Amino acid sequence: MATKQQQPTVEVTKQPVQTAPAKNESEDCIIIDAEDYKATSDYDPVPMFVQHTEAMMEEIDRMDAEMEMEDVEETLIVDIDSADKKNPLAVAEYIDDMHAYYKKTESSSCAPPNYMEQQFDINERMRAILIDWLIEVHYKFDLMEETLYLTVNLIDRFLAVQQVIRKKLQLVGVTAMLLACKYEEVSVPVVEDLILISDKAYTRKEVLEMEKLMINTLQFNLPVPTAYVFMMRFLKAAQSDKKVELLSFFMTELCLVEYEMLRFPPSMLAAAAIFTAQCTLGVLNEWSKTCEKYSHYTRDQLLECSRLMVSFHQNAATGKLAGVHRKYSISKYGFVAKCPPASFLLEASF
């Protein structure tokens, strides 16, 4: 039988497979490590598309860092109402809405800062003398703090729309205090007490007639947000101790006497007073993120007002109107008026 001729064996050598550059899902987009590319001296400068990729990655890293910082800041903000949620008197469910309303309406509840221009027989100095005296009367009658702030607010709003002769200015003051007491106090001083404290300069009939005139002029709009309302909220946000609280009220009452401070809204006066008190006492981490959140003011926004408060503090003991300084220089008020002023704020910049 014929045998099949054996075919010669041919050895096949496999050629090395060329490795293609790594690609992503899109065949025309090659992934290149920019750092490796830069490290290779044989290559030309990094292509434009590689530079764009680097810029994008740096932007992503920056955004991540900012988000982390925001998260850290959020953790620094304290919920000041969390401990009061079971206390119905604290109205924790409504307190934020209430203060949002106070903030919204405060500007319309204040007298114009230039109202004295329309008065023909009284001036800023006379107003200052009246309020300095009323602060002492308020202390003598042991009235609530909110009564004093409402008294001054009523005086300014009334004088802004009603011209008054100088011999009736004190009558406006005692009548405003009477109205404020009726709104704020449990036990109201009788008219005769106010007449007596005024050295019997007016009669009962004159006081009652002025009361009627003031109520009608103000259209019975007595309850307004004063600096006191904001002060209590911001002190809570600042987690202040008693000394900071007393010094804050000292700063604010100094401002009540000063006509020029009418240009600042009550919320800013309260915030600046607390910030100034913190700086005066060297409080660590003054005006925290929590203070900023609840007051809606930053340090920069408070600085102008705070500097004026420091200047008032510097002159409080030597000025002719020293009623506020005397009040806060006794043990009941912690001698806070004698604290050295935060003079460094006059040159500070934030």
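Residues numbered from 1 in each chain as written. Predicted model: local features only at pLDDT ≥ 70, side-chain atom pairs only at ≥ 80, totals over all residues. Heavy atoms only, no water.

An unreviewed UniProt entry lists the chain under the name Cyclin-B2-3-like isoform X3, with Nicotiana tabacum given as the organism.

**Q** Would you take a moment to explain the environment of Lys242 for this structure?
**A** Secondary-structure assignment places Lys242 in helix 10 (residues 242-257). Sequence separation between Lys242 and Tyr333 is 91 residues; the distance between their C-alpha atoms is 9.4 Å. (Helix = DSSP H or I, 4+ residues; strand = E, 2+ residues; numbered from the N terminus.)

**Q** What exactly am I supposed to notice about empty space enclosed by the protein here?
**A** Empty space left among the atoms is revealed by rolling a probe the size of a water molecule over them. What the rule picks out here adds up to 1 cavity of 30 Å³ or more. In this model, the largest cavity occupies a volume close to 280 Å³. Of all elements in the fold, only helix 5 (145-159), helix 10 and helix 11 (266-281) reach the threshold of two or more residues within the lining of the largest cavity. The element contributing the most residues to the lining of the largest cavity is helix 5, with 4 residues. (1 Å grid on protein atoms, 1.4 Å probe; cavity = no way out; pocket = protein on both sides within 12 Å on 5 of 7 lines; lining within 4 Å. Points joined across faces, edges and corners; volume = space filled by probe spheres on them.)

**Q** Can you walk me through the confidence of the model for the chain in this structure?
**A** Detailed reading of the predicted coordinates is not advisable wherever pLDDT falls low. Per-residue confidence for the chain gives a mean pLDDT of 84; residues scoring 70 or more make up 79%. For the chain, helix 1 (residues 34-39) is the element with the lowest average pLDDT, namely 54, and helix 10 is the one with the highest, namely 97. Counting contacts from residues 1-14, a segment whose pLDDT is below 50, to residues more than four positions away or on other chains yields 0 contacts. Note that pLDDT drops below 50 for residues 69-74; the model gives that stretch 1 contact with residues more than four away or on any other chain. (pLDDT = per-residue confidence, 0-100. Contact = heavy atoms within 4.5 Å.)

**Q** Just to check I follow, could you spell out unusual backbone geometry for this structure?
**A** When glycine is set aside, most residues are seen to have a negative phi, and most peptide bonds are trans. Unusually for a residue other than glycine, Gln219 sits at a positive phi of about 55°. The topology assignment puts Gln219 in the loop between helix 8 (204-217) and helix 9 (227-237). A positive phi angle is found at Phe220, which is not glycine, with a value near 60°. Position of Phe220 relative to the elements: it lies in the loop between helix 8 and helix 9.

**Q** Help me understand the layout of surface pockets, please; the structure alone is not making it clear to me.
**A** Of the voids in this model, the largest pocket is the one considered here, and its volume is about 550 Å³. Lining the largest pocket are 28 residues, with Met98, His99, Tyr102, Tyr228 and Val229 sitting closest to its centre. Those elements that provide at least two residues to the lining of the largest pocket are helix 3 (95-105), helix 5, helix 6 (169-184) and helix 9. Taken together, the residues of the lining of the largest pocket break down into 16 nonpolar, 6 polar and 6 charged. By volume, the second largest pocket amounts to about 330 Å³. Along the wall of the second largest pocket there are 16 residues; nearest its centre are Arg125, Ala128, Val257, Glu258 and Leu321. Broken down by element, the lining of the second largest pocket gets its largest block of residues, 4 residues, from helix 4 (residues 124-140). Classifying every residue of the lining of the second largest pocket gives 9 nonpolar, 2 polar and 5 charged. (Nonpolar A, V, L, I, M, F, W, Y, C, P; charged D, E, K, R; others polar.)

**Q** How should I be thinking about the packing of aromatic side chains in this particular structure?
**A** Given two aromatic rings, one states the distance between the centres and the angle between the planes to describe the pair. Per the counting criterion, the structure on display carries 9 aromatic pairs. With centroids separated by 6.2 Å and ring planes inclined at 55°, the aromatic side chains of Tyr139 and Tyr333 adopt a geometry described as tilted. Of this pair, Tyr139 sits in helix 4 while Tyr333 sits in the segment after helix 14 (323-327); the two residues are 194 residues apart in sequence, bridging distant segments of the chain. Taking the relative accessible area as the measure of exposure, Tyr139 reaches 35% and is therefore partly exposed. Among the residues examined, Tyr333 registers a relative accessible area of 9% and is labelled buried. (Phe/Tyr/Trp six-rings, centres within 6.5 Å; stacked < 30°, edge-to-face > 60°. Buried < 20%, exposed > 50% of the residue type's maximum accessible area, 1.4 Å probe, protein only.)

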